[in-house]
Amino acid sequence: MRRLAARGAAGDAGEVAAPAADSSDSAQGRSPSPWRLIDLCAIWDAGVYLPSAAWNRASSGVARKRLNEAEKLSAVQEAQLKRLEVTRPRVLGSREQGQVPRMARQPPPPWVHAAFLLCLLSLGGAIEIPMDLTQPPTITKQSAKDHIVDPRDNILIECEAKGNPAPSFHWTRNSRFFNIAKDPRVSMRRRSGTLVIDFRSGGRPEEYEGEYQCFARNKFGTALSNRIRLQVSKSPLWPKENLDPVVVQEGAPLTLQCNPPPGLPSPVIFWMSSSMEPITQDKRVSQGHNGDLYFSNVMLQDMQTDYSCNARFHFTHTIQQKNPFTLKVLTNHPYNDSSLRNHPDMYSARGVAERTPSFMYPQGTASSQMVLRGMDLLLECIASGVPTPDIAWYKKGGDLPSDKAKFENFNKALRITNVSEEDSGEYFCLASNKMGSIRHTISVRVKAAPYWLDEPKNLILAPGEDGRLVCRANGNPKPTVQWMVNGEPLQSAPPNPNREVAGDTIIFRDTQISSRAVYQCNTSNEHGYLLANAFVSVLDVPPRMLSPRNQLIRVILYNRTRLDCPFFGSPIPTLRWFKNGQGSNLDGGNYHVYENGSLEIKMIRKEDQGIYTCVATNILGKAENQVRLEVKDPTRIYRMPEDQVARRGTTVQLECRVKHDPSLKLTVSWLKDDEPLYIGNRMKKEDDSLTIFGVAERDQGSYTCVASTELDQDLAKAYLTVLADQATPTNRLAALPKGRPDRPRDLELTDLAERSVRLTWIPGDANNSPITDYVVQFEEDQFQPGVWHDHSKYPGSVNSAVLRLSPYVNYQFRVIAINEVGSSHPSLPSERYRTSGAPPESNPGDVKGEGTRKNNMEITWTPMNATSAFGPNLRYIVKWRRRETREAWNNVTVWGSRYVVGQTPVYVPYEIRVQAENDFGKGPEPESVIGYSGEDLPSAPRRFRVRQPNLETINLEWDHPEHPNGIMIGYTLKYVAFNGTKVGKQIVENFSPNQTKFTVQRTDPVSRYRFTLSARTQVGSGEAVTEESPAPPNEAYTNNQADIATQGWFIGLMCAIALLVLILLIVCFIKRSRGGKYPVREKKDVPLGPEDPKEEDGSFDYSDEDNKPLQGSQTSLDGTIKQQESDDSLVDYGEGGEGQFNEDGSFIGQYTVKKDKEETEGNESSEATSPVNAIYSLA
């Protein structure tokens, strides 16, 4: 067996042969143990334990089934087969091979479990110091934190530790030193800290309950166990009680309480009758999580039995039974007619009133529940009602976690496993029947005991090195962190200048030998605690190898394997791998070196065979080891057994021809109906066939040929049908009509070369129609994984072809058969084959340069596919410069398929080149492509001219814009006819970019035209230029006059003026008429002066001579009267405060007759009569 040590990783996907010098079996004359040829990690990774190839004759069920038209592969079988044959090595007894038969199941020896655990540790990369070097103690085994023991047995509290020198042990109980020597019942196992408390001579186990903690100590430090809480199991008796019959009305709800005695741990509850018959439960009658029995509604048949609650206690393995309940059901239908149980309306038939649901548990409409992270959340809702309600569960604001949620107890309970913080929230259960529904809301809060985010690990340093211990944990509430050293609080430890504590981290600088110790990190909150030990060891050790020397590893072609080289040293050595003594370090490409030193070869090829050397180096020296790798051909069944139909008593031969590696021992075995076949007298098994003489009916079934070596196996299956005596043997397939061919099978790659490979396949059944063609397809996993492409086509007469390949493509092939009916299903994929890399032989196509904005240029191209990449890390070198300039090329490396050049002038031509490059080199020099930066709006067209040669046409001419700012796509002309303020409909014309003239046909000889012209690029229309047509000669004035006289606004204005004149005449007439009612002065000849006193009666003297001018008017030189002031102001009417009313109510106002200071001389004739005076005269 290969030794797995401190830095070892998981084993290879092959076998490991121990060197002869280490073979104790051979030295003692015994045959070598088959276990020396087994990779334990590989076997356990497969999930099934099968120790040797000999045992593999009883191999598991078929992983790859060769099926004819009557038995096709299911999708699941295809997926399993693909995973087994392509992505996983052919390991003995892998899980994909189905159920292992009973004869094949052998219990593994105990050391296999230990080796498997070591394998898991090596996968985790844990660092361990070889036991021959001094080191502080490490706890390796301890009892659980809550340790419950059976009072009938002796008490065992485990504590195991390792260290060099071997540690000594002592214990505390309830935080006080536990003196083992003073108690004769207590002893400690030799070379161990495990406590044994013996009660054979008497004593009560309860006296030893408490909290225990183990301390393992040597001169380099002290390690602590968890605080172990010791409790003694309790199974108290049920109190005796006499239970009266329970009287209940039919249809009413009922709860039978269990109330079991408190046990440790809690007992398991179940209900039975007093005659030990289980109580039938359904959605109407069920047991709650608390142990009570709930009846959603009681029926008369519930009286037929009694009900007893039973409690089973774990440690004592005893069952205690409570006194049974008996029911008395009151009913309106005294006869328990069994025919009514299946009645569609059973409750109405029995006279039971229907009721809406109500909750029996929990009570009310809302409740809350707290659960710890990582535990199971159990929510329960039990409802009563008639008919029996159905229960449904929901979560507010989201869906139930489908991967963790499951329903129990007839949907009355919802269990969510492994609860996390996102499972908190509000859940509600809905109970409904045809009478209505009701719901209960449960608010769930998730808390958390401390859990590790970064558990402290052992720290191995060389003198003078720096390091740190980190202790990070989370929880709810947030846990506190306490550091201890050698079991004592760090605050009380002696000061160490090389140590600094920063919260959850201890930093060590310039460590020395004296810094060795064991540190404890204790993180806790109200829900629990975590305790971790991590030692600091300061060592000066040159590199050493921990595995046997000169191992032999054999692996199957095209599989993945891992070469281990476990090592140790301080300072930690660096490790390098070499092949066949060559000086180049193996890492990258098909090789990958892990941190623990293992070398992984991703896909084994023939050229990978050889001697591999691992060299570990640090400042103190170096160490090396060698591993010899042998590559073996896979085992393949190339002629498989076929389905047959035989007559009873005849002879049947099932072929099974195998191709395998000649250096491996081949074993061919047979299974019948997936069980090992017993070869009796009527059967003969040869290397390539199985013959059955005198076929009987019991021989009918499936036969599986299993071809296996120490490293892999292959299987093929056929079905034998046995007919009665009178039946004639026939081939089942011959009677079938023509159909599509079966899929080709057993694809194999040979003649592997740099740029080619030979693909061979076995044709499937043609189904009575000859195969005319084969189509070979390929898939690669880098650029388009999972997408299949046609590679080549071959005639149906061949089953082997040489395929031309491209560099650095991880090929996988499949074959499709074609006949006149149609195409077969694709074959199962072949193994993968990666060709070696090379520089690209071409560059990307469809290179373009186009602007997406006015100040940029986007360079795009079609990316190269997997068959043209030719190497890893495909990238593109993009170059550009302005055309017809001598400026240097700009360049950038791009991994995508576009690049945007910024800050470019508007619409400038550029030379562009895109060159492919991979890790093997650059592609050929690319040719230049012309691209343009972004376009902008063009400037206005130049010299826009409008000419009118006659009254019927208008000629337009223009020149191209001075700055096109892009590719001109045309011109836009907008024009409109207008006549004064009258505007016609706008007309839009679009022209080609080459047109610079246009003629407009006038619709009338009077209107003028306004023209707006703009140029267009792909961005849009640019700046516009506007011109108007000239006015027609000698017609402008006449047209304007005629135009005004006919305008609506002019006619309206004239009408308004006439209306105002009419209103003025009416107002004047009214004033004249009202003025004659006032009393006037009798002294007509004396003008009224402002100083004249008023008459006693308040009247004014008023002159009414006709020949005098009106008050407020002035006579002009031509005899007309001008009105200067208002004839009817408030002042004139006396509203200034001096007017008053007579007794008859008439108003007496004060009139002031104003007289012109100067009269026009020479005017001796009487005043001309004005229209106003005429109106007053009439009055």
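As the structure is a computational prediction, the values presented were derived from the model and not from experiment.

1. Quick look at a nonpolar patch on the surface
Phase 1: A contiguous nonpolar surface patch, about 740 Å² in accessible area, is contributed by Trp 1049, Phe 1050, Ile 1051, Leu 1053, Met 1054, Ile 1057, Val 1061 and Leu 1065.
Phase 2: Mapped onto the elements, Leu 1065 comes out in helix α8 (residues 1048–1075).
Phase 3: According to the relative accessible area criterion, Leu 1065 is partly exposed, its value standing at 43%.

2. Some details on the pattern of salt bridges
Phase 1: Under the counting rule described, the total for this entry stands at 47 salt bridges.
Phase 2: Taking the shortest distance from any N to any O, the salt bridge between Arg 284 and Asp 302 comes out at 2.9 Å. Here Asp 302 lies in the loop between β17 (293–295) and β18 (308–313) and Arg 284 lies in the loop between β15 (268–272) and β16 (285–287), a separation of 18 residues in the sequence.
Phase 3: Under the relative-accessibility criterion, Arg 284 is labelled buried at 12%.

3. As for the pairing of strand β70 (residues 909–918)
Phase 1: Most of β70 sits out of view: eight of its ten residues are buried.
Phase 2: Direction of pairing for strand β67 (residues 875–882) relative to β70: antiparallel, over a ladder of eight bridges. Each bridged residue has a counterpart across the sheet, and for Arg 881 the counterpart in β70 is Glu 911.
Phase 3: Relative to strand β72 (residues 929–932), β70 is paired through four bridges, and the arrangement is antiparallel. What sits directly across from Pro 909, in β72, is Tyr 932.
Phase 4: In sequence, β70 turns back onto strand β71 (residues 921–922) through a hairpin of two residues.

4. Considering the sheet that holds strand β27 (residues 413–416)
Phase 1: Strand order in the open sheet formed by three strands is β23-β27-β26, and the pairing between neighbours is antiparallel. The sheet terminates laterally at β23 (377–380) and β26 (405–408), the two strands that pair on one side only. Pairs of neighbouring strands in the sheet enclose a mean axial angle of 20°, with direction left out of account.
Phase 2: As paired elements, β26 and β27 share four bridges and run antiparallel to each other.

5. Notes on the sheet that holds β17
In a beta sheet, neighbouring strands pair by backbone hydrogen bonds and run either parallel or antiparallel.
Phase 1: On the basis of which strands lie adjacent, the open sheet formed by three strands has the order β14-β17-β16 and antiparallel pairing. With one partner strand each, in any of the chains shown, β14 (254–256) and β16 form the two edges of the open sheet. Averaged over all adjacent pairs, the angle separating strand axes in this sheet is 20°, with direction ignored.
Phase 2: Pairing of β16 with β17 involves three bridges; the strand directions are antiparallel.

6. Digging into the confidence of the model for the protein
Low pLDDT means the predicted coordinates in that region are not meant to be read closely.
Phase 1: Taken as a whole, the protein shows an average pLDDT of 79; of its residues, 77% reach a score of 70 or greater.
Phase 2: Every residue in residues 727–735 scores below 50 in pLDDT, and together they form 15 contacts with partners more than four places removed in sequence or on other chains.
Phase 3: In this model, residues 1035–1042 is a region of pLDDT below 50 whose contacts with residues beyond four sequence positions or in other chains number one contact.

7. Things to note about the packing of aromatic side chains
Phase 1: Going through the model one piece at a time under the given rule, you end up with 20 aromatic pairs.
Phase 2: Ring centres 6.5 Å apart and planes at 70° place the aromatic pair Phe 944 and Trp 958 in the edge-to-face group. Residue Phe 944 is found in strand β73 (residues 942–947), and its partner Trp 958 is found in strand β74 (residues 953–959); the two are separated by 14 residues along the sequence.
Phase 3: Exposure remark for Phe 944: the relative accessible area of 8% places this residue in the buried category.
Phase 4: Take Trp 958: its relative accessible area is 1%, and that puts it in the buried class.
Phase 5: Measuring from centroid to centroid gives 6.5 Å for Tyr 975 and Tyr 1009, while their planes differ by 55°, and the two rings are tilted. With Tyr 975 in strand β75 (residues 970–979) and Tyr 1009 in strand β79 (residues 1008–1016), the pair connects residues that are 34 residues apart, well separated along the chain. The same class applies to Tyr 975 and to Tyr 1009, which are both buried.
Phase 6: We note Arg 227 situated over the ring of Tyr 529; from NZ or CZ to the ring centre the distance is 3.9 Å.
Phase 7: Between Arg 1010 and the ring centre of Phe 978, over which it is positioned, the NZ or CZ distance is 4.4 Å.

The rules behind each value
Residues numbered from 1 in each chain as written. Predicted model: local features only at pLDDT ≥ 70, side-chain atom pairs only at ≥ 80, totals over all residues. Heavy atoms only, no water. Patch = residues over 30% accessible without salt bridge, like charges linked within 9 Å, V, L, I, M, F, W, Y side chains within 5 Å. Areas by Shrake-Rupley, 256 points an atom, 1.4 Å probe, with all protein chains shown as cover. Salt bridge = Lys/Arg side-chain N within 4 Å of Asp/Glu carboxyl O. Helix = DSSP H or I, 4+ residues; strand = E, 2+ residues; numbered from the N terminus. Buried < 20%, exposed > 50% of the residue type's maximum accessible area, 1.4 Å probe, protein only. Pairing = 2+ DSSP bridges. Axes fitted to C-alpha atoms, helices over the stretch in contact; angles between N-to-C directions. pLDDT = per-residue confidence, 0-100. Contact = heavy atoms within 4.5 Å. Phe/Tyr/Trp six-rings, centres within 6.5 Å; stacked < 30°, edge-to-face > 60°. Lys NZ or Arg CZ within 6 Å of the ring centre and 35° of its normal.

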